[in-house]
Amino acid sequence: MSLIAVVASFALAAHGGVECQSTNGTLAVSRVGAQTTSWRPAALKGEEVFFMAASTPWGREVHGGVPICWPWFGRREGLPIHGLVRYMEWRLVRRLGDDGVEFTTESTAESMKLWPHKFRLTARIAMVDPSTMEIALSETNTGDEPFESAFGIHPYFAVSNALSVAVDGRALPRPNGDTAKFPADGKAHLLCDLERGRGYAVDAPYADSWWIWNPGEESTPGMKTLVSDDWRKFWCLEALMREPKPLAPGETRVYKVKISISYEFMKEGVEV
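Note that the coordinates shown come from a computational prediction; the quantities given were computed from them, not determined experimentally. (Residues numbered from 1 in each chain as written. Predicted model: local features only at pLDDT ≥ 70, side-chain atom pairs only at ≥ 80, totals over all residues. Heavy atoms only, no water.)

S.K.: I'm lost on the pattern of salt bridges in this one. Help?
M.R.: Where charged atoms of side chains with opposite charge meet at close range, the side chains can pair. Per the stated rule, a full pass over the model turns up 9 salt bridges. Note that Glu 48 and Arg 40 form a salt bridge whose closest N and O atoms lie 3.5 Å from each other. Residue Glu 48 is classed as buried on the basis of its relative accessible area, which comes to 17%. A salt bridge links Glu 139 to Arg 253; its shortest N-O distance comes to 2.9 Å. You can see Glu 139 sitting in strand E8 (residues 132–141) and its partner Arg 253 sitting in strand E18 (residues 252–262), a full 114 residues away along the chain. Taken as a pair, Glu 139 and Arg 253 share a single burial class, namely buried. (Salt bridge = Lys/Arg side-chain N within 4 Å of Asp/Glu carboxyl O. Buried < 20%, exposed > 50% of the residue type's maximum accessible area, 1.4 Å probe, protein only. Helix = DSSP H or I, 4+ residues; strand = E, 2+ residues; numbered from the N terminus.)

S.K.: Where do I start with the packing of aromatic side chains in this structure?
M.R.: Geometrically, a pair of aromatic rings is defined through the distance of the ring centres and the angle of the planes. Tallying each qualifying case throughout the model produces 17 aromatic pairs. Where Trp 115 meets Phe 147, the ring centres are 5.0 Å apart and the plane angle is 65 degrees; that geometry is what we call edge-to-face. Note that Trp 115 is positioned in the loop between helix H2 (109–114) and strand E7 (119–129) and Phe 147 in strand E9 (residues 147–153), a separation of 32 residues in sequence. When sorted by exposure, Trp 115 lands in the same class as Phe 147, which is buried. Measuring from centroid to centroid gives 4.8 Å for Phe 157 and Tyr 200, while their planes differ by 10 degrees, and the two rings are stacked. (Phe/Tyr/Trp six-rings, centres within 6.5 Å; stacked < 30°, edge-to-face > 60°.)

S.K.: Please clarify how the sheet that holds strand E2 (residues 25–29) should be interpreted in this entry.
M.R.: The strands making up a sheet associate through backbone hydrogen bonding, with each pair oriented either parallel or antiparallel. The antiparallel open sheet is built from 3 strands, whose spatial order is E1-E2-E3. Lying at the two open borders of the sheet, with one neighbouring strand each, are strand E1 (18–22) and strand E3 (36–41). With direction set aside, neighbouring strand axes in the sheet form an average angle of 5 degrees. Both E2 and E3 contribute to a ladder of 5 bridges, which runs antiparallel. Directly across from Thr 26, in E3, lies its bridge partner Arg 40. (Pairing = 2+ DSSP bridges. Axes fitted to C-alpha atoms, helices over the stretch in contact; angles between N-to-C directions.)

S.K.: I would appreciate a short explanation of the state of the cysteines in the present structure.
M.R.: A covalent bond between the sulfur atoms of two cysteines is referred to as a disulfide. What the rule picks out here adds up to 0 disulfides. Just so you know, Cys 69 is unpaired, no disulfide at all, and the nearest cysteine sulfur is the one on Cys 236, 9.9 Å from it. (Disulfide = S-S within 2.5 Å.)

S.K.: Would you explain the environment of Ser 55 in this entry?
M.R.: Along the polypeptide, Ser 55 turns up in the loop between E3 and strand E4 (68–69). With a relative accessible area of 37%, Ser 55 lands in the partly exposed category. Each C-alpha atom, one on Ser 55 and one on Lys 224, is 8.1 Å from the other, the two residues being 169 residues apart in sequence. With sequence-adjacent residues up to four places away left out, Ser 55 is seen in contact with Lys 224 and Thr 225. (Contact = heavy atoms within 4.5 Å.)

S.K.: Even after reading the chapter, I still don't get the environment of Ile 153, so can you show me in this structure?
M.R.: Within the element layout of this structure, Ile 153 appears in strand E9. Using a relative accessible area of 0% as the deciding quantity, one classes Ile 153 as buried. Sequence separation between Ile 153 and Gly 65 is 88 residues, and the spatial gap between their C-alpha atoms is 10.0 Å. Not counting chain neighbours up to four residues away, the residues in contact with Ile 153 comprise Val 66, Pro 67, Val 202, Tyr 206, Glu 238, Ala 239, Leu 240, Val 257 and Ile 259.

S.K.: Hey, could you run me through the sheet that holds strand E12 (residues 170–171) in this one?
M.R.: Pairing within the open sheet is antiparallel, and its 9 strands lie in the order E5-E6-E7-E8-E18-E15-E14-E11-E12. The two strands at the open ends of the sheet, each matched to only one other strand, are strand E5 (91–96) and E12. Pairing of strand E11 (residues 165–167) with E12 involves 2 bridges; the strand directions are antiparallel. Residue Val 167 lies in a different strand from E12, and its bridge partner there is Arg 170.

S.K.: What should I look at first to understand the pairing of E1 in this one?
M.R.: For a regular strand, side-chain orientation follows a simple rule: the groups alternate between the two sheet faces. Summarising the sheet, E1 and E2 pair through 5 bridges and their orientation is antiparallel. Looking at E2, one finds that Cys 20 is bridged to Leu 27. Between E1 and E2, which pair antiparallel and follow one another directly, the connecting turn spans 2 residues.

S.K.: I would appreciate a short explanation of the nonpolar core in the present structure.
M.R.: Within soluble globular proteins, side chains that are nonpolar tend to cluster in buried spots. Membership of the largest hydrophobic core comes to 56 residues, with the highest contact counts inside it found for Trp 39, Trp 70, Leu 137, Ile 153, Phe 157, Leu 191 and Tyr 206. Dropping the residues within four chain positions of it, Phe 157 is found in contact with Val 49, Phe 50, Phe 51, Leu 191, Tyr 200, Val 202, Lys 233, Phe 234, Trp 235, Leu 237 and Ile 259. Counting 9 residues, the second largest nonpolar core, distinct from the first, contains Phe 51, Ala 158, Met 223 and Phe 234. (Core = buried A, V, L, I, M, F, W, Y, C linked by side-chain atoms within 4.5 Å.)

What follows is the structure in structure tokens.
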């Protein structure tokens, strides 16, 4: 079986999203990849936080929402970009009241053709309050041998104009497809949509590095799920545990990340 066929076999014909609605807002999560596809927090009176590409070929790379990247982040020769589980079908375990969902997935014969380890993942994705959502990922080594894994989230934050965005108070240059990287310092980081006058704070204690990315005008046409002008509509602020860490048989590790609406950047202004 070809690599493309193996990856495609992970996904449903349709992503079969599950939607939650409460006084905290609305949240939608796909059954493929446990990928958050929409969050409309009450704090923004129902406005969308995440960019989502109009063309979403589930089972392949999808640009938008919040992909979960595991057990590696980035590119590996001959393997799917950003790991396995963003292409796999996840099972709904339960709803977390009206505010969220719990999904699980595990290794299969198909996944082990690409990464020969047994695992089980559980993702709890929920709105915490009218301005905050949380993703908690639990990974368990269900095999007899240790393995090494990395983890990252790759949120696509919707912005009014990609040419008017700042991170941690510093204006970003015109995107050209390059990735800006900075080391973890234990703090939350803030992406600011200057035209809308609001920010998105990402708090990820597990992170050992952070990336900021937008494909830019020249690279966007080469991405099958994006149309030519989509680069203007988002920036990604990615929290990564990029360096793989060992996990012993039977051991479980948990990662938590919070995404919040914030206006703190308006108090200090932006450095151009």
